[in-house]
Amino acid sequence: HVEDFTQNYNISSAVMMTASVLARKMGDVNLITSKGKYATQTIKHLHLHLIPRKRWDNLKLPWSL
């Protein structure tokens, strides 16, 4: 377990490689990770969001809770 992508570059690299493989199959995507309260991090562990995108989907980023 690590709080964010800055705490362990080996873990972060492995997570990013996996995300890359998945995203390649998904088409257009946003990849989002955050570090810190003011960067919209609400869960204190490293995680990525792969968000599939389509033309005119009107998704507004960044999001907040």
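Everything that follows concerns the structure shown earlier in this document.
This one's a predicted model, so the numbers in the text were calculated from it and none came from an experiment.

The next subject is the overall build of the chain. A count of helices and strands for the chain gives 1 helix and 2 strands. In sequence order, the chain lays out its α and β elements as α-β-β. Reported as C-alpha extents along the three principal axes, the dimensions of the chain are approximately 35 × 30 × 10 Å. Within the span of the chain, comprising 65 residues, buried residues form 17% of the whole. Across the chain, every contact between residues at least 6 apart in sequence was considered, and the portion connecting residues at least 24 apart equals 49%. Just so you have it, the chain exposes about 5,400 Å², and 58% of that area is on carbon and sulfur atoms. Averaging the coordinates of the 9 positive side-chain charges in the chain and doing the same for the 4 negative ones gives two points 4 Å apart.

Between the first and last C-alpha of helix H1 (residues 9-26) there are 25 Å, a value that for 18 residues agrees with the 26 Å anticipated at 1.5 Å per step. Looking at H1, one finds that the buried residues are Ser-12, Ala-19 and Ala-23. For H1, the arc enclosing every buried residue in end-on projection is 35 degrees, short of the 170-degree limit, so these residues lie on one face. Exposed residues on H1 whose side chains face more than 90 degrees from its buried face are Asn-10, Met-17, Arg-24 and Lys-25. Buried residues belonging to H1 abut strand S1 (29-32) and strand S2 (49-52). For H1, the N-terminal capping position is held by Asn-8, with its side-chain oxygen 2.9 Å away from the main-chain nitrogen of Asn-10. Of the residues flanking the end of H1, it is Gly-27, one or two places downstream, whose phi is positive at about 90 degrees.

This brings us to the side chain of Ser-12. Take Ser-12: it is sitting in helix H1. Among the polar contacts made by the side chain of Ser-12, one reaches the main-chain carbonyl oxygen of Phe-5 at a distance of 2.8 Å. Apart from residues no more than four positions distant in its own chain, Ser-12 is found in contact with Asp-4, Phe-5 and Leu-46.

Cut-offs applied
- Residues numbered from 1 in each chain as written.
- Predicted model: local features only at pLDDT ≥ 70, side-chain atom pairs only at ≥ 80, totals over all residues.
- Heavy atoms only, no water.
- Helix = DSSP H or I, 4+ residues; strand = E, 2+ residues; numbered from the N terminus.
- Buried < 20%, exposed > 50% of the residue type's maximum accessible area, 1.4 Å probe, protein only.
- Contact = heavy atoms within 4.5 Å.
- Areas by Shrake-Rupley, 256 points an atom, 1.4 Å probe, with all protein chains shown as cover.
- Lys, Arg positive; Asp, Glu negative; His and termini not counted.
- Charge placed at Lys NZ, Arg CZ, Asp CG, Glu CD.
- Expected span 1.5 Å × (residues − 1).
- Arc of directions from axis to C-beta.
- Polar contact = N/O pair within 3.5 Å; in protein donor to acceptor, adjacent residues only side chain to side chain.

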